[in-house]
Amino acid sequence: MKRLISFILVAVLALPLFAEEQVVTKPREKKVLNDYSEWLPKQGDFSLAFSLDPIATFVGNMFNGNLSNGLGDLAGEPLLDGIIGAPMVSIMGTYMQTDQLAWKVNLGIGYTHKSINEYVLDDAALFLDPLSKVKVVDKQAYNRIYGSIALGAEYRVGKNLPVQGVFGAGLNYAFGEISYKYNYGNAITELNQIPLISEPALYQAVAGYMPNARPLNTQAENLIHMVGAYASVGVEWFVAPKIALGANVNFGIYYEVNPSRATTYEGWNTATMQVEQFTELIAPASHGFHFGTDNIGANLYIAFYFGTK
C-alpha cells in the first residue's frame, strides 16, 4: 500500500514537468485570420439597397405594443416628416468607381389619392317634393405627392473585415404637396344660389358680389421644395458575400421654399347674375433654411452587390 501511494505521489509531482516539456517542445500554431475580401464590393460592381426602416418600426411595435415609438426610432426623422407626414422610404443604388470610391443615388417617391364621397339631398327633387329622400353625391378628391432624390459619392474604409466604414456627401432635392378638389352633386343656379352641400361650413364670402362661394380646389399649407447638401457616416456589415446590412447618420443643410397658395371658388355673382369662379390668394411665398440630422431615404437598409465582370 505504501508503495502504491509513493508511486502516485511521484506521478503527481512529475505532471508539471511533463506538461512544461510538452509546452516547450510543442510548436506554436499560427493564428489564421479569415479573409473577407471576396465578400466586399469591387471596382465595377453595382448595388441595390432597400430600406429596413418599416421593418424596424414593425418589430419595435410588436415588442412594446405602442404604435408611436419602438425600434423604428432608430431610423431617424424623415426629411419631410412633420411637413408632409410621410416617411421617405427609398431605393438606393451605388456604382463602384474603385474598390473604395462609389457614386450613389437615392430615390424615394410617394403618391396618395383618395376620393371621399358623401350623400346630400337632391335640391331639385326637394323643390318638387319637400319630403323627397332622393340623394346626390358630393365628392372630395385628396391628393398627396412627395419625393426626394439625392446624388453623391461615398468612400469606404476596411479591406479584409466584414465591416466597412462608409463616408459620403452629396446634393439632395425634396418636395411635397397636398391638395383638394371638390365636385358637388347640386348645381348653383339662379333659383338655387346656395345649394345643399355635405359641409355647409365650406361656404365663404370671397367678394362683395359673391357672398356665398364654395371651393373647387385648394392647396394645403404643406407645399414645399427643399434643395441642399448632405454628409453621411455609417457602416456596412457583410453578413454574406456581397450582401450587407447598413446603418448611417445624415447631416444636411437645405434651402426651403414654400410657393404661394390660392383657392378657387365658385358662386353666384350678384352683380352679373350668373355663376362665376373666383381665385383667392391664401398665402404668399416664403422661404428659409433647414439643417440637422435627417433620414434621407433610409438610415437602416440591406444592400445587394452585383458584379459586372
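**Focus: the overall build of the chain**
Each helix and strand counted, the chain has three helices and twelve strands in total. By residue count, 38% of the 309 residues in the chain fall in the buried class. For the chain, contacts bridging at least 24 residues in sequence account for 74% of all contacts bridging at least 6. Of the accessible surface of the chain, which amounts to about 18,900 Å², a share of 64% is contributed by carbon and sulfur atoms.

**Some details on the environment of leucine 161**
Inspection of the secondary structure assignment puts leucine 161 in the loop between strand E4 (135–157) and strand E5 (163–183). The class of leucine 161 is exposed, set by a relative accessible area of 55%. Leucine 161 sits 76 residues away from tryptophan 237 along the chain, and the two C-alpha atoms are 9.0 Å apart.

**A closer look at the packing of aromatic side chains**
Ring pairs (aromatic) are described by centroid distance and by the angle formed between their planes. As enumerated under the stated definition, the model contains seven aromatic pairs in all. Ring centres of tyrosine 255 and phenylalanine 289 lie 5.5 Å apart, and the angle between their planes is 65°; on these two criteria the pair is classed as edge-to-face. Linking tyrosine 255 in strand E8 (residues 243–258) with phenylalanine 289 in strand E11 (residues 286–293), this pair joins segments that are 34 residues apart in sequence. Its end group placed over the ring of tyrosine 301, lysine 104 keeps NZ or CZ at 5.9 Å from the ring centre. Stacked on the ring of tyrosine 142, the Lys or Arg lysine 114 has its end atom at 5.6 Å from the ring centre.

**Here we look at the confidence of the model for the chain**
Averaged over every residue, the pLDDT of the chain is 80; residues scoring 70 or more account for 75%. In the predicted structure, residues 1–32 sits below a pLDDT of 50 and forms zero contacts with residues beyond four places in sequence or in another chain. Note that residues 68–77 has pLDDT below 50 and, in this model, 18 contacts with residues that lie over four places away or in other chains.

**Structural notes on the pairing of strand E6 (residues 213–219)**
Of all seven residues in E6, five are buried, a share of seventy percent or more. Two strands pair when backbone bridges link them, and E6 and strand E9 (residues 261–269) are joined in this way by five bridges, in the antiparallel orientation. Counted as the bridge partner of proline 215 is tyrosine 265 from E9.

**Brief notes about the pattern of salt bridges**
In the structure shown here, the tally under the stated rule is five salt bridges. Ionic pairing is found between lysine 104 and glutamate 154, a salt bridge with its closest N-O pair at 3.9 Å. Here lysine 104 is found in strand E3 (residues 101–121), whereas its partner glutamate 154 is found in strand E4, with 50 residues between them in sequence. For lysine 104, a relative accessible area of 18% translates into the label buried. Overall, glutamate 154 belongs to the buried group, its relative accessible area being 5%. Through salt bridges that share partners, Lys104, Glu154, Arg156 and Glu236 make up one connected network.

**Regarding the nonpolar core**
Counting eight residues, the largest nonpolar core consists of Leu40, Ala49, Met92, Phe238, Ala244, Tyr301, Ala303 and Tyr305. Here this core gets three residues from one element, more than from any other, and that element is strand E12 (residues 300–306). Apart from residues lying up to four places away in sequence, alanine 303 is in contact with Leu48, Ala49, Lys242, Ile243 and Ala244.

**Re unusual backbone geometry**
With a phi close to 65°, lysine 242 is a non-glycine residue in the positive phi region. Along the chain, the position of lysine 242 falls in the loop between strand E7 (224–240) and E8.

**Regarding the side chain of asparagine 269**
Its location among the elements puts asparagine 269 in strand E9. Judged by relative accessible area, asparagine 269 falls into the buried class, the value being 3%. Looking at asparagine 269, its side chain comes within polar contact range of the main-chain nitrogen of alanine 271, at 2.7 Å. Reaching out from asparagine 269, the side chain makes a polar contact with the side chain of glutamate 276 at a distance of 2.7 Å. Non-local contacts of asparagine 269, meaning those with residues more than four positions away in its chain, are made with Tyr209, Gln274 and Glu276.

**Quick look at the side chain of serine 132**
Within the secondary structure layout, serine 132 lies in the loop between helix H3 (123–128) and E4. Within the structure, the side chain of serine 132 is placed 3.2 Å from the backbone nitrogen of valine 134, a separation counted as a polar contact. Ignoring any residue separated from it by four or fewer positions in sequence, one finds serine 132 in contact with Leu121, Ala125 and Leu126.

**Regarding a nonpolar patch on the surface**
Taken together, the side chains of Val105, Leu107, Ile149, Leu151, Tyr173, Val227, Phe251, Ile253, Tyr255, Phe289 and Phe291 define a hydrophobic patch exposed on the protein surface, amounting to about 1,100 Å² of accessible area. Within the residue set of the nonpolar patch, elements represented by two or more residues are E3, E4, E8 and E11. Counting residues per element, the nonpolar patch draws most heavily on E8, which supplies three residues. With respect to the secondary-structure elements, isoleucine 149 resides in strand E4. For isoleucine 149, a relative accessible area of 35% corresponds to the partly exposed category.

Each value, and the rule that gives it
Sequence order as written defines the numbering, with residues in each chain counted from 1. In view of the model being predicted, local features appear only for residues whose pLDDT reaches at least 70, and side-chain atom pairs are presented and counted only at 80 or more, with totals across whole chains, interfaces and linings using the full set of residues. Here the side-chain values reflect all heavy atoms present in the structure, with hydrogen atoms and water set aside. Starting at the N terminus, helices and strands are each numbered in turn, a helix being any DSSP run of H or I of at least four residues and a strand any DSSP run of E of at least two. To sort residues, take the accessible area from a 1.4 Å probe on protein chains only and compare it with the maximum for the residue type: under 20% means buried, over 50% means exposed, and anything in between is partly exposed. The contact definition used throughout considers only heavy atoms, calling two residues in contact when any of these lie within 4.5 Å. All accessible areas in this document rest on Shrake-Rupley with a 1.4 Å probe, and a residue is counted as covered only by the protein chains that are shown. In this analysis, rings of Phe, Tyr and Trp, with Trp reduced to its six-membered ring, are considered paired at centre separations within 6.5 Å, and the interplanar angle assigns stacked below 30 degrees, edge-to-face beyond 60, and tilted for intermediate values. Only when the NZ atom of a Lys or the CZ atom of an Arg is both within 6 Å of the ring centre and within 35 degrees of the ring normal do we say a charge sits over the ring. Confidence scores per residue from the predictor, reported as pLDDT, run from 0 to 100. Strand pairing is assigned whenever DSSP detects at least two bridges linking the two strands. Salt-bridge detection follows one rule: a side-chain nitrogen of Lys or Arg within 4 Å of a carboxyl oxygen of Asp or Glu. Think of a nonpolar core as a cluster: buried Ala, Val, Leu, Ile, Met, Phe, Trp, Tyr and Cys residues, connected wherever their side-chain atoms sit within 4.5 Å. Whenever a nitrogen or oxygen atom comes within 3.5 Å of another N or O atom, the pair is scored as a polar contact, on the condition that within protein one atom can donate a hydrogen and the other can accept it, and that pairs from neighbouring residues in sequence are kept only if both atoms are in side chains. A patch consists of residues whose relative accessible area exceeds 30% and which take part in no salt bridge; residues with like charges are grouped when within 9 Å of each other, and nonpolar side chains (Val, Leu, Ile, Met, Phe, Trp, Tyr) when within 5 Å.

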